[in-house]
Amino acid sequence: MQPITNYIKSELKQHGDATKARQMQAYMKTDQPFYGVQSKLRKQIFREAIKKYPITSREEWETVIIELWEGTHREEMYQALEVAERYKIYHYESAWTLFETLLRSATNWDTVDWLSSNLIGQLVFKYRHFEKQLEEWSEDKNFWVRRASLLAHLKHKEKTNIKLLSQTILKLAHEKEFFIRKAIGWVLRQYSYTDPVWVIQFVNKYEDKLSGLSKREALKAINRKSRLV
């Protein structure tokens, strides 16, 4: 195991809080245990870790990510994603395979959303040919992967591929799965900061196809702004 991996695991264990661990596990509704290390302290541990044991190669970067991801506790997975996101120098096209592997073994929204918007979405932004994979993901049997096909667009702003996003939303709009409906609304709400008129027109045009949850989420920022005017 890499020295940085050992250090992170040791620090998480040392700073664990059993009460917080139970609360965090209950909140995420998962069987996976937590150490009880919250975000601020976890990020501090991460900063100290990369200062003591800087990652200097792509191979080491990927090894550390996998070692942490396969850890027993949830915070180790979060640290894996911190490592993945921090070293953008290794975000080549070849990183897609690693990110997809992580996604397909993720089991809840916390890790799925982080992967989708901060890692996978940024690769799609840089290498547009990966949009083909997003099309395939929208038909995947794993609903978390289908959710990722939506949330990968989340931070593209004015560079959003509206045609693909529209097709994906309409393909998934019939689903009753909460996390799909929520993702549709979220990605539309996020794009409303860039083009509110388009979002309003889209929701109105497909009002009969979109769930109430998706429509409420999509128009939340627009409605909030209108109340302040």
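Residues numbered from 1 in each chain as written. Predicted model: local features only at pLDDT ≥ 70, side-chain atom pairs only at ≥ 80, totals over all residues. Heavy atoms only, no water.

## Some words on the nonpolar core
Line of reasoning, step 1. Trp61, Val83, Phe99, Leu115 and Ile120 are the most contacted members of the largest nonpolar core, which has 50 residues in total.
Line of reasoning, step 2. Residue contributions to this core peak at seven residues, all from helix α7 (residues 109-126).
Line of reasoning, step 3. Once residues lying within four places of it in the same chain are set aside, the contact partners of Phe99 are Trp61, Ala84, His91, Leu115, Leu119, Ile120 and Leu123. (Core = buried A, V, L, I, M, F, W, Y, C linked by side-chain atoms within 4.5 Å. Buried < 20%, exposed > 50% of the residue type's maximum accessible area, 1.4 Å probe, protein only. Helix = DSSP H or I, 4+ residues; strand = E, 2+ residues; numbered from the N terminus. Contact = heavy atoms within 4.5 Å.)

## A short note on helix α3 (residues 39-52)
Line of reasoning, step 1. The terminal C-alpha atoms of α3, which comprises 14 residues, lie 20 Å apart, in line with the 20 Å expected from a rise of 1.5 Å per residue.
Line of reasoning, step 2. For α3, every residue scored as buried is listed here: Arg42, Ile45, Phe46, Ala49 and Ile50. Take α3 and look down its axis: the buried residues cluster within an arc of 125 degrees, on one side only. Residues Lys40 and Lys51 are exposed on α3 and point more than 90 degrees away from its buried face.
Line of reasoning, step 3. Close packing links the buried residues of α3 with α1 (3-14), α5 (74-86) and α7. (Expected span 1.5 Å × (residues − 1). Arc of directions from axis to C-beta.)

## Side note on the packing of α1 against helix α4 (residues 58-69)
Line of reasoning, step 1. Between α1 and α4, whose axes approach to 9 Å, the crossing angle comes to 30 degrees. Classified by the angle between their axes, α1 and α4 sit roughly parallel to one another. For the crossing formed where α1 meets α4, the hand is right-handed. Mapping the contact onto sequence places Ile4, Thr5, Ile8 and Lys9 in α1 and Val64, Glu67 and Leu68 in α4.
Line of reasoning, step 2. Of the residues assigned to the contact of α1 with α4, the class counts are four nonpolar, one polar and two charged. (Axes fitted to C-alpha atoms, helices over the stretch in contact; angles between N-to-C directions. Parallel < 35°, antiparallel > 145°, perpendicular 65-115°, else oblique. Left-handed = near helix turned anticlockwise from the far one by under 90°. Nonpolar A, V, L, I, M, F, W, Y, C, P; charged D, E, K, R; others polar.)

## Details of the environment of Met28
Line of reasoning, step 1. Relative to the helices and strands, Met28 resides in helix α2 (residues 18-28).
Line of reasoning, step 2. Accessibility expressed as a relative area gives 5% for Met28, which makes it buried.
Line of reasoning, step 3. Between the alpha carbons of Met28 and Asp110 there is a distance of 8.2 Å; along the sequence they are 82 residues apart.
Line of reasoning, step 4. For Met28, the residues in contact, after removing those within four places along its chain, are Phe34, Arg74, Tyr78, Asn108, Trp109 and Asp110.

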